[in-house]
Amino acid sequence: MNPKVRSKAARTGTPPFYVFVLGFLRLIRVQNLLIIVATQYFARLTLIGPRGDWPSLLLDTKLFLLSLSTVCIAAAGYIINDYFDIKIDIVNKPDRVIIGRYLKRQIAMGAHQALNFLGVVIGFYLSKWIFVVNVLSVTLLWFYSSTFKRQPFIGNFIVAFLTALALIVLAVYYRQQVDLLLIYALFSFVITLVREIIKDMEDVKGDARFGCRTLPIIWGLRPTKQVLYAIIATFIVSLFTIAYFLQNQQLFWMFVILLIPIAWLVYRLVRADTKRDFSYLSSLCKLIMLIGVASMAWV
C-alpha cells in the first residue's frame, strides 16, 4: 500500500473505500476461494460428468450454490483465524496483518458471522446432509482458530480435513463417482496436512513466543521431519494400493507422475533448516496440489 494512503488512514481512522475493499479481499484470501470454486467445478466436469458438457455445468444452479456455501464458510474461517492470530502474525507475517490495520475488528467479526450464516442457510436449502457438513465446518473452524491451532497436530489435522471437505461435499450431494472423489479428497487431505506441518516449522519463532504447542515447538525440527517422512511414505503406499484394488491404470500412472514432485519435496525437506527453506516447501506443496487437481482430467 502507498505510504501516503496508509498515513492518511492512520490519521483519520477511516481508510479510503478501495483500501477497505482490498484489505477485505486479502483478509478472506480471495485467490484461495477462487481455487476452491475452480476445483469443485473442475471435479464436477471431469469426475462426475458428463465430461466436456460446459453448458450444463454453467447452468447447474445447485453447483453454484454448493460452491457459494463452501466459499462463504471458508472466507469466514480465514477471518476468524486472522482475528485470533493478530499478535502472532505481527511477528511471523507483519506485512499480512489486516484486522486492526485496514479493517476494524467489529467489521471483521460482523463479516465472519454474516458469511457463516449465509453458508449454513444455503446448505440447509440444498440438503440436510450439506447443512450438517456446513455446521460441522463452521464449528471446527471456530475451535481451530481459538484453541486447536496452538495444539500439536490436531490443528493441522482439522485444516487438512476441512480442505478435503470441499470435494467430500460433492460426493455427498451428487452421489456419483464417489470412489474417485474420495481418492482426491484423501490426496487433498494428506498434501494439506504436510503443508500445514511445514508452515508450523516456518512460523516456529512467532508461535513459540505466544505459547503455541505445535509439533516443531514441542518435538523440534528433526523429529517433526520424521513425522512428515512417515506420513508421505504411508500416503504413497496407500495411493498405489488403491489403484491396484480399483484396477485403474490411469490412476496408477498418474500416481507414478506425482512421485516426481513428491520425491523432490522429500529431498528438499531433508535439507531444509531455515524459514526460507520451509516457505519454499510450502509453495511446493501448493504445486503438487495443483498437479493433482489437473490430473482429474485423465483419470
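Computed from a predicted structure; not experimentally measured. (Residues numbered from 1 in each chain as written. Predicted model: local features only at pLDDT ≥ 70, side-chain atom pairs only at ≥ 80, totals over all residues. Heavy atoms only, no water.)

## Examining a nonpolar patch on the surface
Taken together, the side chains of Phe17, Tyr18, Val21, Leu22 and Leu25 present a nonpolar region at the surface, about 500 Å² in accessible area. Of note, tyrosine 18 is situated in helix α2 (residues 17–27). Taking the relative accessible area as the measure of exposure, tyrosine 18 reaches 48% and is therefore partly exposed. (Patch = residues over 30% accessible without salt bridge, like charges linked within 9 Å, V, L, I, M, F, W, Y side chains within 5 Å. Areas by Shrake-Rupley, 256 points an atom, 1.4 Å probe, with all protein chains shown as cover. Salt bridge = Lys/Arg side-chain N within 4 Å of Asp/Glu carboxyl O. Helix = DSSP H or I, 4+ residues; strand = E, 2+ residues; numbered from the N terminus. Buried < 20%, exposed > 50% of the residue type's maximum accessible area, 1.4 Å probe, protein only.)

## A few points about the environment of lysine 205
Within the fold, lysine 205 resides in helix α11 (residues 204–209). Separated by 70 residues in sequence, lysine 205 and lysine 275 place their C-alpha atoms 9.4 Å apart.

## Examining the side chain of asparagine 116
In this structure, asparagine 116 sits in helix α7 (residues 105–126). Excluding anything up to four places from it in sequence, asparagine 116 contacts Ile73, Ala76 and Val138. (Contact = heavy atoms within 4.5 Å.)

## Things to note about helix α13 (residues 221–246)
In this model α13 runs 37 Å from its N-terminal to its C-terminal C-alpha over 26 residues, within 8% of the 38 Å that 1.5 Å per residue would give. Among the residues of α13, Thr224, Lys225, Val227, Leu228, Ile231, Ile232, Phe235, Leu239 and Ala243 are the ones counted as buried. Elements in contact with the buried residues of α13: α10 (178–202), α12 (215–219), α14 (249–271) and α15 (275–294). (Expected span 1.5 Å × (residues − 1).)

## With respect to the packing of aromatic side chains
The tally for this structure, following the rule as stated, stands at 13 aromatic pairs. Measuring from ring centre to ring centre gives 6.4 Å for phenylalanine 153 and phenylalanine 157, while their planes differ by 45°; the resulting arrangement is tilted. For phenylalanine 153, a relative accessible area of 33% translates into the label partly exposed. The exposure class of phenylalanine 157 is partly exposed, given its relative accessible area of 38%. Relative to tyrosine 174, the ring of tyrosine 173 has its centre 5.2 Å away and its plane inclined at 90°; by these criteria the two rings are edge-to-face. (Phe/Tyr/Trp six-rings, centres within 6.5 Å; stacked < 30°, edge-to-face > 60°.)

## Details of the packing of helix α3 (residues 30–48) against helix α5 (residues 61–84)
One way to put it is that α3 packs onto α5 with a least axis distance of 10 Å and a crossing angle of 150°. As far as their axial angle goes, α5 and α3 are roughly antiparallel. Crossing of α3 over α5 shows right-handed handedness. Contacts from Asn32, Leu33, Ile36, Val37, Gln40, Tyr41 and Arg44 in α3 reach Leu63, Phe64, Leu66, Ser67, Thr70, Val71, Ala74, Ala75 and Tyr78 in α5. Each residue belonging to the contact of α3 with α5 can be placed in one class, and the counts come to 11 nonpolar, four polar and one charged. (Axes fitted to C-alpha atoms, helices over the stretch in contact; angles between N-to-C directions. Parallel < 35°, antiparallel > 145°, perpendicular 65-115°, else oblique. Left-handed = near helix turned anticlockwise from the far one by under 90°. Nonpolar A, V, L, I, M, F, W, Y, C, P; charged D, E, K, R; others polar.)

## Some details on the UniProt feature "transmembrane region" (unreviewed entry) in the chain
The feature "transmembrane region" (unreviewed entry), as annotated in UniProt, sits at residues 20–43, 63–81, 153–174, 180–198, 227–246, 252–270 and 277–298 in this numbering. For residues 252–270, helix accounts for 100% and strand for 0%, while the C-alpha atoms at its two ends are 27 Å apart. Helix makes up 82% of residues 277–298 and strand 0%, with an end-to-end C-alpha separation of 32 Å. (UniProt positions renumbered as here; feature names shortened; annotations may be inferred.)

## So, unusual backbone geometry
Most peptide bonds adopt trans geometry, and most residues besides glycine take a negative phi value. Even without glycine at this site, phenylalanine 153 takes up a positive phi of about 70°. On the secondary structure map, phenylalanine 153 appears in the loop between α8 (128–146) and α9 (154–174). Phi is positive for arginine 175, which is not a glycine, with a value near 55°. Positionally, arginine 175 belongs in the loop between α9 and α10. Classification of arginine 175 by relative accessible area gives exposed; the value is 56%.

## Overview of the pattern of salt bridges
In the structure shown here, the tally under the stated rule is four salt bridges. With a closest N to O distance of 3.5 Å, aspartate 203 and lysine 275 form a salt bridge. Within this pair, whereas aspartate 203 is found in the loop between α10 and α11, its partner lysine 275 is found in helix α15, the two being separated by 72 residues in sequence.

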